[in-house]
Protein chains: 2
Amino acid sequence: MQLTEHLRKEGVRKRIAVVCGNDDSTRHAIERAESEGFAEAIRVDGDDAAVRAVELVREGRADILMKGLVNTNDVLRAVLDKEKGILPKGKVLTHITAADIPGHDKLIFFTDPAVIPYPTQEQRRAQVAYIARLCHNFGIDEPRISLIHCNEKVSEKHFPHTAGYAELREEAMRGDFGACIVDGPLDLKTSCCLKSMQTKGIDSPIAGQADALIFPDIEAANVFYKTVTLFCHAETACALQGTLAPVVLPSRADSTDSKFYSLALACLA
Amino acid sequence: MQLTEHLRKEGVRKRIAVVCGNDDSTRHAIERAESEGFAEAIRVDGDDAAVRAVELVREGRADILMKGLVNTNDVLRAVLDKEKGILPKGKVLTHITAADIPGHDKLIFFTDPAVIPYPTQEQRRAQVAYIARLCHNFGIDEPRISLIHCNEKVSEKHFPHTAGYAELREEAMRGDFGACIVDGPLDLKTSCCLKSMQTKGIDSPIAGQADALIFPDIEAANVFYKTVTLFCHAETACALQGTLAPVVLPSRADSTDSKFYSLALACLA
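Thresholds, definitions, all that
- Residues numbered from 1 in each chain as written.
- Chains lettered and ligands numbered in written order.
- Predicted model: local features only at pLDDT ≥ 70, side-chain atom pairs only at ≥ 80, totals over all residues.
- Heavy atoms only, no water.
- Axes fitted to C-alpha atoms, helices over the stretch in contact; angles between N-to-C directions.
- Helix = DSSP H or I, 4+ residues; strand = E, 2+ residues; numbered from the N terminus.
- Parallel < 35°, antiparallel > 145°, perpendicular 65-115°, else oblique.
- Left-handed = near helix turned anticlockwise from the far one by under 90°.
- Contact = heavy atoms within 4.5 Å.
- Least-squares fit on C-alpha atoms with pLDDT ≥ 70 in both.
- Buried area = accessible area lost by both parts, 1.4 Å probe.
- Salt bridge = Lys/Arg side-chain N within 4 Å of Asp/Glu carboxyl O.
- Polar contact = N/O pair within 3.5 Å; in protein donor to acceptor, adjacent residues only side chain to side chain.
- Buried < 20%, exposed > 50% of the residue type's maximum accessible area, 1.4 Å probe, protein only.
- Pairing = 2+ DSSP bridges.
- Expected span 1.5 Å × (residues − 1).
- Right-handed = clockwise from strand over helix to strand, strands pointing away.

Caption draft 1: Representation of the packing of helix H1 (residues 2–10) of chain A against helix H10 (residues 256–268) of chain A within the structure. All names here are of chain A. Two elements in contact, H1 and H10, have axes separated by 9 Å at closest approach and are oriented at 45 degrees. Overall, the two elements H1 and H10 adopt an arrangement that is oblique. Crossing of H1 against H10: the hand is left-handed. Counting all contacts with H1, which are made through Leu3, Thr4, His6 and Leu7, the residues of H10 involved are Phe260, Tyr261, Ala264, Leu265, Cys267 and Leu268.

What follows is the structure, given as structure tokens:
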């Protein structure tokens, strides 16, 4: 995946607080990230490992939090703890994925297949801001961010979120998210395929070249995630954003590759 | 696509009222369906073609309505007309697709990427009934129908539709939809991949072998439709159900193949 090439080129090097990372796939992912030079692991084990790893992040002694063979809920509880956690009050926690889809010429960043059920306008604004910054960190000067809907029409009555899309587009134009192109509502095909856009007679500055997709809700984003991994054999990388430092929360069953790429994504975020 | 083999085997032969079908792709699709023996076209042209074609269906002189080079809204208006249309009062109009995804071993039927925004429980019940019947007509004795969600948990608070899924599962078990297996909430990967199901430790009678997917809403279904066609190069067939006869409403830009397979799907519906 192109993520790691970029980290190498930029000379990025981050300190990773790893919670109980002694299972094979986590250990191998960390070792590979260290040997590629973009990560330095701080191993935290034992019963209160999650709490102590979160403390390392809060004290600025680690740049990223990563979960190994430990219950996801234990880590999330420590992350979200109101006093000792690492989600600042008022910040939006959301899930970002990067997908490398065979046959498609660019990496696609998207949000949110796992955390926010039906984003409010404020949450969606945060999603756009996070993903714009992530694309900038990945070296895309002016990322194209598409606000996904089943078609290209704003319909306040049936789909209130499409009216919010129009607002985000304006906020992007006045520079709220830095250099980027935000457009929508647009459907997935129009967003990722210039020919489809032209066939439908749609004129959008995304021009079928979306770098990032903001899905309307968790159901649509989750279907995209599962479809590209199952049917397209896409490689994916996932991280949580909104916290003081990015959090990598792989499933136990995830492969070494998947954990390695997620770590790389977190190092960019 | 396996649809046409089945039509041949069963000796199906339907009368198609074709509205302004003189464009190349519609004409070629119809000719191919006629030469394969499962369709007999009744061509209806001129200014009031949509109204007259709908009348043929209402009078029982045509089994399927198909749109050619004419505005979709004109056809829909005639179909939905309260006095002279073909949607019986109280019937649910919904959109069904069949997708043949390269590398996947079975055809997947799914609903609804195009018509109903957020199905009510009554509309979703109709979707299950239609798709069960379609699978039966396709020769699947006991179709496996998966109710899609981002995970396998019922959550009345955040996702009220998952509580509805539990009801549908019970209705299926007492035989309301004929012989079929209905389960959910299940995510897309668990529904279509036995290994994913086992890795997650989920026990479902769908067993990763879903014949049909009921998506929670139009956004998720539309993303699935666009993702499998754009990134997996799936062949698809689409039709509207709920009307007195299935309606085929291709886009002008659809290929001959796509129109031909949609006609085949309608002949099964």
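Resuming the write-up.
Caption draft 2: Structural detail: the relation of the copies chain B and chain A. Of the transformation placing chain B onto chain A, the axial shift is 0.0 Å and the rotation is 180 degrees, giving an RMSD of 0.0 Å. In short, the pair behaves as if placed about a two-fold rotation axis. The position closest to the rotation axis in chain B is occupied by the C-alpha of Ala220(B), lying 2.0 Å away. Both copies present the same face, since 100% of the interface residues in chain B are matched by interface residues at the equivalent positions in chain A.

Caption draft 3: Summary view of the interface of chain B and chain A. Contacts between chain B and chain A engage 35 residues on the former and 35 residues on the latter. Where chain B abuts chain A, roughly 2800 Å² becomes buried across the two surfaces, and 74% of that area is made up of carbon and sulfur atoms. At the junction of chain B with chain A, the criterion picks out two salt bridges. Linking chain B with chain A are ten residue pairs in polar contact (both at pLDDT 80 or more). Among the secondary structure elements, those contributing two or more residues to the side of chain B that touches chain A are helix H7 (188–192) and helix H9 (218–230) of chain B. Ranked by the residues each element gives to the side of chain B that touches chain A, the list is headed by H9(B), at eleven residues.

Caption draft 4: Expanded view of the pairing of strand S5 (residues 108–111) of chain B. Residue and element names in this part refer to chain B. Of the two faces of S5, the one holding Ile108 and Phe110 and the one holding Phe109 and Thr111 are both buried throughout. Alignment of S5 against strand S8 (residues 212–214), held across three bridges, turns out to be parallel. The residue bridging phenylalanine 110 from the neighbouring strand is leucine 213, located in S8.

Caption draft 5: Examining helix H9 (residues 218–230) of chain A more closely. Here H9(A) spans 18 Å end to end across 13 residues, near enough to the 18 Å set by a 1.5 Å rise per residue. Here H9(A) lies mainly inside the structure; 13 of its 13 residues are buried.

Caption draft 6: Representation of the pairing of strand S2 (residues 39–44) of chain B in the model. Residue and element names in this part refer to chain B. Where strand S1 (residues 14–19) meets S2, six bridges bridge the pair, whose relative direction is parallel. Across the sheet, residue alanine 17 finds its bridge partner in S2, namely isoleucine 42. The handedness of the S1 to S2 crossover, carried by helix H2 (residues 24–35), is right-handed.

By themselves, these are just geometric observations and shouldn't be taken as functional.
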